[in-house]
Amino acid sequence: MTYQPKLHIGEWLDAGGRELLPVENPATGVTVAQFPVATIADLDHALECSARGFSVWRTKPALQRSAILRRAAELMRERKELIAGLITLEQGKPLREALLEAANGADITEWFAEEGRRAYGRVIPARQPGIMQIATVEPIGPVAAFSPWNFPVSQAVRKIAGSLAAGCSIILKGPEDTPSSVCETIRCYIDAGVDADALSLVFGRPPEISSHLIPSPVIRKVSFTGSVPVGKHLAMMAAEHMKPCTMELGGHGPAVVFDDVDPAKAAAEFAAFKFRNAGQVCISPTRFFVQDAVHDTFLEEFVSIATKLKVGVGQDEASQMGPLANKRRIDALEELVTNAVAVGATLHCGGERIGNQGNFFAPTVLSDIPDDARIMQEEPFGPVALINRFTDEDEAWQRANATAYGLASYAYTRDGDRAQRAGEKLDSGMVSINHFGLATAETPFGGVKESGYGREGGIEGLDAYLITKFTTRRHYQ
Ligand code: NAD
């Protein structure tokens, strides 16, 4: 065992008599850590800290909060090897990708440190003389946030940096599959000078934690990243208590490739993006619609890349793709691929687990997938590409939009008018054309339909933690 994840509630807490649950290395199945399960008393303590922390943190001048967050970003950069090593150990992605994720965490923190200084209000001209009308923004209050295991650091940071920059306190329930890198990320913020009561970290049994925190009168905002069913459940709980939510749920990214592009080049670029983090990415391109004339070359090239991809442990420099983060994904993928083949899809490569140690799953390419295959509607969240052909542009948009999801969509074309239509016709929160330009700190990130609501990046990501207050005043007469 190399690392001992801890709860942070006002201070770092030793496991004490708390129940400990194992964390597995997904590449070996070996237990590499044990996380403490927060008790109800711990959660009540976190709520008290968060209420107290909010009253302290919100009154700090924005400039001071900004300096602390900038320092947290610096610490993340200084400690990126440690943080990235823990990501790879528990989540499985190649170390190279984990280092990028740690750097991204610092980048997001720094951006919010700056943006928090620009939470402006406005003066609204009054209808009578002697009256002042102002709209100001205030931090919404203590936040309950739930972050997932696929990007343990960057997904947590979007919530932490956004809420702290706005002046909120936050209780984060980190991902139980990958707790250690989240602990080290929180440590950067605390060491940088964030008030210890303003930032709590808990792990435990997710339903127990969410059903205790969300209804609490202390909590004023809920932020969740994860699956659609859990998101709906938490949103319903929040609605009962009239609490606003940011819901960043799954996606089933369509990618429309037109016949005016070089199909081999497009396939190479898409494949590199598809197999990043073994496809466990909510904006991963998954349903490809490729125009007739370039379909066969695109498919051939994609399969050739997928077959040659070096799958291995994340610490090995040669590995291009690591294992899946947990056994649940293997079971889900095997079921979806089996169903697709049973209803008529052609399997070109992969479709099964590699070996019997760790959660390795072969890069998988299917083609001619019937619309009624479950995998065309259910997010595989793994290294699976679904390649279908299309003839007419309108047909492509219609099929691309034919799921309950609407997170990220992609199109490749040289035609400017068509590219503009892609932006208009694709029914999703984000559209990326001829490249993969999503998820930077300064751009809005989020979906429509069952992919959720609210945005995490950009000025919208700060706004998510602010409320507008209107004050009007007349000269005393
Ligand atoms: P899951 O539905 O069991 O859990 C999803 C996430 O929600 C996990 O982080 C989990 O800890 C949390 N969770 C579960 N029940 C909860 C509750 N009652 N209260 C609070 N949090 C709760 O699925 P999983 O097997 O962990 O992940 C698989 C699915 O989740 C994928 O199909 C994918 O759609 C989705 N997912 C999406 C993202 C994303 O970036 N949007 C990230 C991770 C997982």
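Here is what the cut-offs are and how they apply
Residues numbered from 1 in each chain as written. Predicted model: local features only at pLDDT ≥ 70, side-chain atom pairs only at ≥ 80, totals over all residues. Heavy atoms only, no water. Pairing = 2+ DSSP bridges. Helix = DSSP H or I, 4+ residues; strand = E, 2+ residues; numbered from the N terminus. Axes fitted to C-alpha atoms, helices over the stretch in contact; angles between N-to-C directions. Contact = heavy atoms within 4.5 Å. Salt bridge = Lys/Arg side-chain N within 4 Å of Asp/Glu carboxyl O. Buried < 20%, exposed > 50% of the residue type's maximum accessible area, 1.4 Å probe, protein only. Domains from an automatic or database assignment. Buried area = accessible area lost by both parts, 1.4 Å probe. Near = heavy atom within 4 Å. Polar contact = N/O pair within 3.5 Å; in protein donor to acceptor, adjacent residues only side chain to side chain. Areas by Shrake-Rupley, 256 points an atom, 1.4 Å probe, with all protein chains shown as cover.

Asker: Explain the sheet that holds strand E6 (residues 131-139) here, please?
Answerer: Hydrogen bonds between backbone groups are what pair the strands of a sheet, and the pairing can be parallel or antiparallel. Here we have three strands laid out as an open sheet, ordered E5-E6-E20, and antiparallel in their pairing. This sheet does not close on itself; its edge strands, each paired only once, are strand E5 (122-123) and strand E20 (466-474).

Asker: Mind showing me how you'd approach the sheet that holds strand E12 (residues 253-257) here?
Answerer: Sheet architecture is open: seven strands sit in the order E14-E15-E16-E13-E12-E17-E18, paired in mixed fashion. If you trace the sheet from one side to the other, it starts and ends with strand E14 (346-349) and strand E18 (430-433), each paired once. Adjacent strand axes in the sheet meet at a mean angle of 20°, parallel and antiparallel pairs treated alike. The strands touched by helix H12 (residues 393-400) are E12, strand E13 (285-291) and strand E16 (384-390); relative to E16, the strand with the most contacts, the crossing angle is about 150°.

Asker: Quick question: what am I supposed to make of the environment of Glu 301 here?
Answerer: Looking at the secondary structure, you find Glu 301 in helix H10 (residues 292-308). Along the sequence, Glu 301 and Arg 473 sit 172 residues apart, while their C-alpha atoms lie 68 Å from each other. Those residues in contact with Glu 301 that lie beyond four places of it in its chain are Ala 264 and Ala 267.

Asker: What's the story with the pattern of salt bridges in this structure? I'm lost.
Answerer: Should their charged atoms come close, side chains of opposite charge can pair. One pass over the full model with this rule turns up 29 salt bridges. Among the ionic pairs, Arg 117 bridges to Glu 114, the shortest N-O distance being 3.6 Å. A single network of salt bridges, built from pairs that share partners, joins Asp 260, Glu 393, Arg 418 and Arg 421.

Asker: What's the story with unusual backbone geometry in this structure? I'm lost.
Answerer: A negative phi angle characterises most non-glycine residues, just as the trans form characterises most peptide bonds. Positive phi, normally seen in glycine, also occurs at Asn 277, with a value near 55°. Residue classification places Asn 277 among the buried residues on the basis of a relative accessible area of 2%. For Ala 439, which is not glycine, the phi torsion reads 75° and is therefore positive. Here Ala 439 shows up in the loop between E18 and strand E19 (452-453). Judged by its relative accessible area of 24%, Ala 439 falls in the partly exposed class.

Asker: What should I look at first to understand the domain arrangement of the chain in this one?
Answerer: Size of an interface, as often reported, equals the accessible area lost when the parts are brought together. Per the domain assignment, the segments making up the chain are domain 1 (7-249 + 451-471) and domain 2 (253-440). Taken over C-alpha atoms, the centre of domain 1 sits 31 Å from the centre of domain 2. If you look at the interface, domain 1 gives 23 residues, while domain 2 gives 31 residues. Across the domain 1 to domain 2 interface the summed buried area is about 2,100 Å²; carbon plus sulfur atoms make up 49%.

Asker: Mind showing me how you'd approach the site of the ligand here?
Answerer: Among the 23 residues in the neighbourhood of the ligand, the closest are listed as Trp 149, Ser 210, Ser 227, Arg 328 and Glu 379. Take Pro 206: an N or O atom from its main chain is 3.4 Å from a nitrogen atom of the ligand. Here Glu 379 contributes a side-chain N or O atom positioned 2.3 Å from an oxygen atom of the ligand. Out of a free accessible area of 810 Å², the ligand has 85% covered by protein chains. Listed by contribution, the elements that provide at least two residues to the shell around the ligand are helix H7 (206-213), strand E10 (221-225), helix H8 (228-240) and helix H11 (327-342). Of all the elements, H7 adds the most residues to the shell around the ligand, at three residues.

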